[in-house]
Amino acid sequence: LEPARHPVWKSELMAGRVDVGFAARVGLTLARLHSGAAGDPRLAKEFANGSAFDALRLDPYLRFTADRHPDYADALGALATLATNNKITLIHGDVSPKNLLVGPDGPVFIDAECATYGDPAFDLAFCLNHLLLKSLWAGSNADAYIACYDALSGAYLAAADWESTPDLEVRAARYLPGLLLGRIDGKSPIEYLTAEADRDLVRQFACAHLRNPVQSLRTFRQRWMNALAAPVSA
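Quick look at the structure, then. (Residues numbered from 1 in each chain as written. Predicted model: local features only at pLDDT ≥ 70, side-chain atom pairs only at ≥ 80, totals over all residues. Heavy atoms only, no water.)

Looking only at helices and strands, the protein features 10 helices and 4 strands. Each helix and strand of the protein, ordered N terminal to C terminal, gives the series α-α-α-α-α-β-β-β-β-α-α-α-α-α. Whereas a compact globule of 234 residues would reach a radius of gyration of roughly 17 Å, the protein reaches 17 Å, a difference of no more than 12%. Within the protein, the fraction of its 234 residues that count as buried is 50%. Carbon together with sulfur atoms contributes 51% to the accessible area of the protein, which is approximately 9900 Å² in total. (Helix = DSSP H or I, 4+ residues; strand = E, 2+ residues; numbered from the N terminus. Rg over C-alpha atoms; globule rule 2.2 N^0.38 Å. Buried < 20%, exposed > 50% of the residue type's maximum accessible area, 1.4 Å probe, protein only. Areas by Shrake-Rupley, 256 points an atom, 1.4 Å probe, with all protein chains shown as cover.)

Structural data, given as structure tokens:
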């Protein structure tokens, strides 16, 4: 894939080139991948890769973070259990902008080393998490990244046909605060949020919603936008 025609989505987002239509295509493509593999025993056997997914995602993002936040260890541990027990379809496991190319024919998903048969809500939340964090980094341009969050989640949920959409959305909303906290205090903290005030905002918001999870991605987004204007107290 020729690099000039397939830039990395993270690079585009960090350069301020925010394409809401592309975000919607990411959501639609991800939903189609999940739909096509749902309930397939052959794929479930071929991608019985739970140990690698656990080591590369659940341990560094949730369990390690739980050690640093013992008051929230039960909630973070419950998210790891949720991701382990929900074996619904083939998931990529690392759907982040750095693993998406902006191809001329649509998104290209790369680096699926921890792909496993698991919970599609994890993939959705994992990607939405990055868009929320970039909206904080973007400051006055936050609305563009929030629009990508809305477009991606909306397109994904509209195409999700393998299970009850409300159930899927509730799980994605549950994962989000744990993943937010994991990108601040986990083994792989994001490099672009360097101000301690920003990192504390994420901590306070995430911890508040670990204790009191919301039921929809729209509600989570609205509360996040409110937090950008006025930090949430844990």
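Tracing the backbone shows alanine 31 in helix α2 (residues 20–37). Relative accessible area serves as the criterion here: at 0%, alanine 31 is assigned to the buried category. The spacing of alanine 31 and tryptophan 162 is 131 residues in sequence and 9.5 Å in space, taken between C-alpha atoms. Alanine 31 has contacts with Tyr156, Ala159, Ala160 and Trp162, leaving out every residue within four places of it along the chain. (Contact = heavy atoms within 4.5 Å.)

The residue serine 153 is located in helix α7 (residues 142–159) in this model. Excluding its chain neighbours within four sequence positions, the residues that come into contact with serine 153 are Leu124, Leu128 and Leu217.

Further remarks concern the pairing of strand β3 (residues 106–109). Relative to β3, strand β2 (residues 100–103) runs antiparallel, the two being bridged by 4 bridges. Across the sheet, leucine 100 pairs through a bridge with phenylalanine 109, a residue of β3. Between the antiparallel neighbours β2 and β3 lie 2 residues. (Pairing = 2+ DSSP bridges.)

Sizing a probe to match a water molecule and rolling it over the atoms shows the empty space that remains. Estimated volume of the largest pocket: approximately 170 Å³. Lining the largest pocket are Leu30, Leu33, His34, Ala37, Phe47, Leu90, Ile91, His92, Phe109, Ala112, Ala115 and Asp123. Where the lining of the largest pocket is concerned, the elements lending two or more residues are α2 and β1 (89–91). Among the elements that make up the lining of the largest pocket, the one with the highest residue count is α2 (4 residues). (1 Å grid on protein atoms, 1.4 Å probe; cavity = no way out; pocket = protein on both sides within 12 Å on 5 of 7 lines; lining within 4 Å. Points joined across faces, edges and corners; volume = space filled by probe spheres on them.)

On the secondary structure map, tyrosine 149 appears in helix α7. For tyrosine 149, a relative accessible area of 1% gives the class buried.

Quick look at helix α10 (residues 217–229) now. Given a rise of 1.5 Å per residue, 13 residues ought to cover 18 Å, and the 19 Å separating the end C-alpha atoms of α10 matches this to within 8%. Buried within α10 are the following residues: Leu217, Phe220, Arg221, Trp224 and Ala227. Along α10, the residues classed as buried sweep out an arc of 120° about the axis, all on the same side. Turned more than 90 degrees away from the buried face of α10, the exposed residues are Arg218 and Ala229. In the core, the buried residues of α10 are packed alongside α6 (120–138), α7, α8 (165–185) and α9 (196–211). (Expected span 1.5 Å × (residues − 1). Arc of directions from axis to C-beta.)

What follows concerns the pattern of salt bridges. Taken as a whole and assessed by the stated rule, the structure comprises 14 salt bridges. A salt bridge links glutamate 191 to lysine 10; the shortest N-O distance between them is 2.9 Å. Placement of the pair is glutamate 191 in the loop between α8 and α9 and lysine 10 in helix α1 (residues 9–14), with a sequence separation of 181 residues. Residues glutamate 196 and arginine 203 are paired through a salt bridge, measuring 2.9 Å at the closest nitrogen-oxygen approach. You can call glutamate 196 partly exposed: its relative accessible area is 44%. For arginine 203, a relative accessible area of 16% translates into the label buried. When salt bridges that share partners are traced, they join Asp185, Glu196, Arg199, Asp200 and Arg203 into one network. (Salt bridge = Lys/Arg side-chain N within 4 Å of Asp/Glu carboxyl O.)

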